[in-house]
Structure formats: structure tokens, C-alpha cells
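Letter by letter, the chains look like this.
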Amino acid sequence: EAGDPLDIDRACFEPDSYVQKLLKDCSLNELFRHEEAKKKEIQELDSNMQYLVYENHSKFIKASETIREMKDDFQRLEDDMNRLTSCMGDISQSSASINEVLADRKKQISQLCGVHHLLKKLQFLFELPARLKKCIEMGFHGQAVHTYTKAHHVLEQFKHMSSFLNIQRECVSIVCELKSILRKKLDDEESTTADIAETVDLLLELKEPPNHLCQQFLANARQNLEKDLDTAQKLQQEEESQDVMKFVGQLCTGFLANLSLVIQSCYDMFIARTDGKEPGMAEEAQQVLTDFVQSVMSDCLQAVEERLKKETIQLDSAMLVRALDKITGKLQVIDQLLPSAGTSSSSQDLVRNIALLHTKFHIQCLKQSFTDTLMSVRVALATSKSTSPIHGLSLGEQCTLLYSCVKNGMESSLNNVKEFIKPNYEYVRKGIVMDLIEFVLDTAKTFTEPSKECGQLSYPPTLILTLSRLLHNMERTSISYLVSYGDEKFPPDEHGPVVATPTAEVLRRAGQEAQTLLNHYVAVQGRIISQMIRKGLDARDWLSTIEPRSVRSVMKRVVEEVSTIDQQVGSLYEEGHRKDQGSEGSRQTYSYSLNQGKGYPYSSTMDSSLLSNIQKLFYERIEVFGRVEYSKLSILTGIIKIFLKAFIECVRLKTFGKFGLQQVQVDSHYLQIYLWRYVSDEQLSCAVKASPLHTHTHTHTAL
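Keep in mind the model is a prediction, meaning the values are calculated, not measured.

**Some thoughts on the overall build of the chain**
At step 1: If you tally the helices and strands in the chain, you get 21 helices and 0 strands.
At step 2: Per-residue burial for the chain yields a buried fraction of 40% across its 703 residues.
At step 3: Across the chain, contacts joining residues at least 24 apart in sequence account for 79% of those joining residues at least 6 apart.

**Considerations on the pattern of salt bridges**
At step 1: Counted under the stated rule, the structure contains 19 salt bridges.
At step 2: A salt bridge links Lys59 to Glu55, with the shortest nitrogen-to-oxygen separation between them at 3.7 Å. Here Glu55 and Lys59 lie together in helix H2 (residues 28-138), a separation of 4 residues that amounts to about one turn.
At step 3: Judged by relative accessible area, Lys59 falls into the exposed class, the value being 52%.
At step 4: Given the relative accessible area of 27%, Glu55 is considered partly exposed.

**Focus: the confidence of the model for the chain**
At step 1: This prediction gives the chain a mean pLDDT of 76; 78% of its residues lie at or above 70.
At step 2: Counting interchain partners and residues more than four positions distant, the pLDDT-below-50 stretch residues 581-620 has 46 contacts.
At step 3: Across residues 693-703, where pLDDT falls below 50, the model places 19 contacts with residues more than four positions away in sequence or in other chains.

**Concerning the nonpolar core**
At step 1: Ranked by size, the top nonpolar core spans 79 residues in total, and within it Ile437, Leu465, Leu467, Leu470, Tyr521, Ile635 and Phe643 carry the most contacts.
At step 2: Counting only elements with at least two residues in this core, the list comes to helix H10 (343-383), helix H11 (395-417), helix H12 (425-445), helix H13 (461-489), helix H14 (504-538), helix H15 (553-570), helix H18 (632-652) and helix H19 (658-675).
At step 3: When residues of this core are assigned to their parent elements, the largest contribution, 13 residues, is made by H14.
At step 4: In this view, Phe643 contacts Gly526, Ile529, Ser530, Ile533, Val558, Val562 and Leu675; residues no more than four positions away in its chain are not counted.
At step 5: One finds Leu213, Leu259, Leu301 and Val304 within the second-largest nonpolar core, a separate group that totals 68 residues.

What counts, and where the lines are drawn
- Residues numbered from 1 in each chain as written.
- Predicted model: local features only at pLDDT ≥ 70, side-chain atom pairs only at ≥ 80, totals over all residues.
- Heavy atoms only, no water.
- Helix = DSSP H or I, 4+ residues; strand = E, 2+ residues; numbered from the N terminus.
- Buried < 20%, exposed > 50% of the residue type's maximum accessible area, 1.4 Å probe, protein only.
- Contact = heavy atoms within 4.5 Å.
- Salt bridge = Lys/Arg side-chain N within 4 Å of Asp/Glu carboxyl O.
- pLDDT = per-residue confidence, 0-100.
- Core = buried A, V, L, I, M, F, W, Y, C linked by side-chain atoms within 4.5 Å.

Quick look at the structure:
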């Protein structure tokens, strides 16, 4: 690619064109400045060139001197190598001449060395019986066995010679005595597992039958392992308050450590050993060892589980997790030594069983905590005044207290058990979360069972109201939160899509139980006020009563009770909506007769068509025990329906005189004045007055 001919740094630079361009484009002053700049650049380039030439010249001189020195060194080295070659030749000649002179002596010396070595062997064989006896006397049984096995092949090889035959017979006699000593040591109860393993290994070197030794080795090992297990259990029984980690530590350093040693020793001596082993011996020993380990591990795991069960009744899981972690670590070592024993699966079963027990304890604690909280709320409601907060808490706050007991307890338990129950996620979600919710629903349901309604209530009605609000809140939001929290802590499927725990059924049941509790509360409160009204009617002779001057005290108590219920319900439920507010005039329809003191308002001169219309209006069918909505107005309406219906029926069954009927009218009008604000249907507030009038119209006429 062609460059710019005006670029001074390129090879294709054209000076004439460059000068012509400068003369054309620049003024005189600019040309002077350009000239000065070029002079400075030329001076800098000259200076740099001189520096480079000087530096390269210095390096060249140093390189020349170095080459000259190397040439001299190589010359001296070559001379030295020549002298060394000459010396080596002289040495080779001298060595050859010496070998020729000493060849005969070297042969004689070799023969003498062979004879000396043979004499030492013979001396060792002749001294062998004495050495064996001395080793046995000093208790060096291993050294005695190794010494005999070292000379056994030589004695067998030369037993045809009488001298060697006598030595062999004497050695066999001593070895038989040694075997007897080793068997006694094998049966000694004081022998440790390591001593037993060493003894069996010596007997195997002495060619004892492996099958019998394997069985005897495992039998003696079982006795020692049982002692280790008994020691740990007795230590635990002597110190009831002993830390579980001490028990686990004793078990790991004693029983499990010795069991690992037994497995490794048995494997090395009877399974992995190749010298002199019969065909099929390894498989048979493997099976015997597997059965042995499974048997002793069953006893060990049973003892461990019994001890750890005592720790499952503690809310704190840290100590239990540490104990299980240490136990399972040792069991994994045993499983690596002998996979066929299935120790790994036994370890998992142990963890699973302890986890289930610990989870069940948490569930019991959560249930007991909710029961205790519910009992404290129940006692507080029963002993407090009807309109005052309980220990500074309103009914709404009591409801929040019950839910907080469930929520906080469940969150604490889930965080506590999460550390070590990974294989049991499904049980945790169903146990701690769903079972706790079901328990709350079952507990609330007991307050609506027929057995609870016999005789006088043993619990305050406000408790039913509080539980209804609790279950209503749980249906709306709380159950979904609790279940989602459990799914978050314990994912249903770690290796696939997370499937949330189904809640449709429990939500449906929570709504059903909440509605049942609310209906039951309305029925209970209506029955209480109805009994109050009935007792007030039964306590008076209505045929001979005096002319009414005021409302009876029982009616005032009824209105006070309704006002109290209104406050209690208002602290838990919203107001609600009225069906027809009506007019103020409709609530004053009958007030004129009472104010004038004329007694019975329905005279014979009353327009019969008006009376008929009023009676028709108030005798339309009203559902008394209907479904109650979750609002204060609906709840109060349901209660008022019940006790007004009871009031009407009680009046219907009575016979009244003139003044008695007037007293009932005064009471009815009083109820109408004060109860209209509590009902969602104004028809109810007038029905109470019309019914007694219609019931006793003919009675009044006759009188």
C-alpha cells in the first residue's frame, strides 16, 4: 500500500513536494518556526544516534573480550582432558596386572566366605531350640514364631540327616508348647482386641487351621466388644445427667474403634491373606465377618438409639446433631471397611428414627403450647369483666396472641429441626405444619360438640367468638403463609420442580369450622339471653299484676347484655351493612300511647285494615337460625333473632291480664327502641311489639 509522500517518517517521502507545500501553505514566520523545529529534531536524532553507536561499540568490545577468554579456557580444558586420558590408561594397566597376581587368592577368599556363611547357618540351626526356649521364657512370642518359620524350610529340607532330624523334633516340641501358650492367651478375658489380633496372626504363621481361628477370633472379639458397650451403658446409668457427647465419645473410642480394628485385622488375616489359603476360604470368612458385624452393630445401634431418645425431648437440636454427626462419621468408616455389612443404611435408619422422634416431640410441644395459651385466654376471659380488656388485651389482641403462638412456635421448630432431618422433609411438612394446623382446627371444633352444651357452659362464649375469628383469619391468609413457610424451609423436591403442599382441603375445613364456631356463638348467646327473658316471665303473676309504671329490670339487663356483646364482637369483626335502614318515624310508630299513659293502644276503634296490614307485615316468615356472616351486624342480628323468637314464644304460652299485657307492651316497646341499631333488618325491631299484641288481642277483649 502506497504511503503519503508528504509524511517525513515514510520511505516514500518526497522533499521537493514537501517544501513546495510548505511554501504554499505557510507564512514567512511559520516557515521560520518550522525550520527551528526541524533543527531541534535533527539535533535530537544526531544525539541519539551517537549514543547508540557508543553503546553498541562498548557491547561489541565486551563480547570480543569474552570470546577471547573462552578460547583460552577451552585450550586449557583440552590439555587437562588429554592428561586425564593418559592417567586412566595407566590405571587400567596397573589394575589388570594386580588382578592377574591376586586371582588365586580371590577365589580362596570367596570359598572361605561361603564356608563361614554356611557355618553361621549351622550354628543358628544348632542354637535354634535354645533360642526358641529363651524367647518363650521372656515372652517374645512373635520373635520365637519368626525365628522358627525362618528355619522351618531348612529343617524340612535336611530332615533325612539325623542331626537335623533331632533339631527338628526338638523345635516341633517347643512350637507345640508355644501354640498352647498362644491359645491360652487367645482365650484370656483380659486380652485386648489388639492382643487377640496379634495372637491369631502368630498362630496363622504356625499353620493353624484358618477356619477355626477365624471363628475363635470373632468370638473373643465379641466378648471384648460387649464389654466396651456395657462400660459405656453403665457409665451412662451411673451419671444420669451425663452429657450425651460423653456417651458418644466413650462409644466411638471404645466399641466402634475396636470394631474397626477387628474388621481390619480379620480382613488382613483371613480374607486378604494368600499364603496357604484354602479355596473358598476368603468368601467364607467374608460372610462370617459380615454376619458378626451386623450382629454386634444391631446391639450397638439399639443402645445408641435408646440414649439419643432422651435427647429428642429437648427443643435445642445442637447437641443431638453433634452426637449424630460423630456417630455417623464412625459408622461410615466401618462401612468403608466392610460395605457388605450395610452399616450405611443402618446409620441412615438411626438418623431417620431420631429425627422422627425429635420432630414428634416438637409437634407435641407446639400442641401443648397452643393448649396452654388457649387455656390462659380462656381463664382470662372467664375471670375478667365483660367489657374490660383482658390483662390489657382486647379480644382482637387475644386472637393475635393465639395466632402468634402457632406462627412463632412453628417457625422456631422448623428452624430448629432443619439442621439434621434432610431425609424427612415430607414428614416435617406434614407433621409440624399440617398436623399443627389440623390440631388447631380439632381443638376449636371441640367447643361446638354436643357434649359441651350439656348443662351450664364451662367456658365463656367470648372464647368461641375469638376462635371463630382465629380460624377465619387462618382461612384467609394464615394457613397459606404457614404452609408456604414450611415449603420454603423444606422444599418438597430438591431435584425437580417445587410442588407446594396442597392446602385446598385444610382451607375448606378452616372456613367450615370458623362458620360453625360463629353459628355456635350466636346460638349460645341467644340461648343465654332467652333464658334470662324466660326466667323474668316465669317469676311474675301476669293475671294480678299492677298497672305498669316502668320497664322491667330484666329487659334493661337484656339491652345491657346486647350492648356488651356489641362491644365484644366489634373488637373482632367489622360493622357490616344493613338491609334497610328505614326511617326514624317508623321507629316511633307506637310511642304515642306510652307517652300518654293510656295503657293498651289497640282499642276497638283502631282501624281494622291498618291492624291487619301490620300483622301481615310482622308475621312474614323470618329465618331464626340462619347462616351468620362475618360482620358485627350479622352476628348481633342472629343473636337478637333467637332471643326475640324465645320472647314471643314465652309470651304466647302465658295468660295475661290487662295490666300484664300492658307491661309486656312496655317491655316490647323498650326493646324496639334500643335494639334497632344492632340489627341488619329493621323488620325485627318491630316484630317484637306486634307479636305479643296479636297473640293476646282476643284475651284483652274477653277481659
